[in-house]
Amino acid sequence: MAEDIEKILKKYKQGRREDLIPLLQEIQSATGYLSEEAIVKVGSHLGLSTTKIFGLATFYDQFRFFPAGKINIKICNGTSCFMNGSQAIIEKFREELRIAPGQTARNGNFSFDIVTCMGGCFHGPVILVNGEYNIHVRPEQVPDLIKRLKYIIEND
Ligand code: FES
């Protein structure tokens, strides 16, 4: 993980502050989340305080600061999915799992993230559950989906 971070930082040799978001995005896609170590390293690379980085990163829904759960759900909130009701889906997951986007349940079983456009705009709202797309999702389907996923976890 530390090597991944170093490798990515080397790509942004100039250490420009405008590279912050792409840098964080790359680190997250390589390591799965933004660890404290990653934030500290990025901070010293760009000459920014960790508080500033954390503050900026939390402004974006796309970043997570904990490892994902055993089951990670990605909910599209791109324009088309938004128009088709993705907010209600996000709220339902928040309510059912009792976690916010980017957080992981205490038992480590579930996490969910908000993403922008997964390329299925005509079928929104779209969610991705452990690599499998679910389309035209309605909020009332969420409790059953979670029940099924819990069953999978328990019988794995
Ligand atoms: S906006 Fe959700 S898939 Fe494109």
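Computed from a predicted structure; not experimentally measured.

Undergrad: Can you lay out the sheet that holds strand E1 (residues 71-76) for me, pointing to particular residues and giving the numbers?
TA: With respect to topology, 4 strands assemble into an open sheet ordered E2-E1-E3-E4, the strand pairing being mixed. Whereas interior strands pair on both sides, the edge strands pair on one side only; in this sheet they are strand E2 (110-115) and strand E4 (132-134). Taken pair by pair, the neighbouring strands of this sheet meet at an average axis angle of 25 degrees, ignoring direction. Bridge analysis of E1 against strand E3 (residues 127-129) gives 3 bridges, and the strand direction is antiparallel. Following the sheet pairing, Ile 75 is matched in E3 by Ile 127. Here helix H7 (residues 142-154) sits on the sheet and contacts E1, E2, E3 and E4; the angle it forms with E2, its principal contact strand, is near 130 degrees.

Undergrad: Now, about the domain arrangement of the chain: what can you tell me, with residues and values included?
TA: A common way to state how big an interface is: give the accessible area lost once the parts meet. With domains assigned, the chain is organised as domain 1 (2-59) and domain 2 (71-154). For domain 1 versus domain 2, the distance between C-alpha centres works out to 27 Å.

Undergrad: Could you give an account of the nonpolar core, naming the residues involved and the relevant values?
TA: Ile 73, Ile 75, Phe 93, Leu 97, Phe 110, Phe 112 and Ile 127 are the most contacted members of the largest nonpolar core, which has 20 residues in total. Mapped onto this core, the elements with two or more residues apiece are E1, helix H6 (86-97), E2, E3 and H7. Here the element with the most residues in this core is H7; it accounts for 5 residues. Among all residues touching Ile 73, those that are not within four sequence positions of it are Phe 93, Leu 97, Phe 110, Ser 111, Phe 112, Asp 113, Ile 127, Leu 128, Val 129 and Leu 149. Judged by nonpolar contacts, the second largest core, of 19 residues, contains Leu 34, Val 42, Leu 46 and Ile 53.

Undergrad: Describe the environment of Asn 155, and please don't skip the residues or the numbers.
TA: With respect to the secondary-structure elements, Asn 155 resides in the segment after H7. The class for Asn 155 is partly exposed, based on a relative accessible area of 49%.

Undergrad: Mind laying out helix H3 (residues 36-46), listing which residues take part and the relevant values?
TA: Considered for burial, the residues of H3 that qualify are Ala 38, Ile 39, Val 42, Gly 43 and Leu 46. Projected down its long axis, H3 shows its buried positions confined to an angular sector of 135 degrees, all on one face. When the buried face of H3 is taken as reference, the exposed residues oriented beyond 90 degrees from it are Glu 36 and Ser 44.

Analysis parameters
Residues numbered from 1 in each chain as written. Predicted model: local features only at pLDDT ≥ 70, side-chain atom pairs only at ≥ 80, totals over all residues. Heavy atoms only, no water. Pairing = 2+ DSSP bridges. Helix = DSSP H or I, 4+ residues; strand = E, 2+ residues; numbered from the N terminus. Axes fitted to C-alpha atoms, helices over the stretch in contact; angles between N-to-C directions. Contact = heavy atoms within 4.5 Å. Domains from an automatic or database assignment. Core = buried A, V, L, I, M, F, W, Y, C linked by side-chain atoms within 4.5 Å. Buried < 20%, exposed > 50% of the residue type's maximum accessible area, 1.4 Å probe, protein only. Arc of directions from axis to C-beta.

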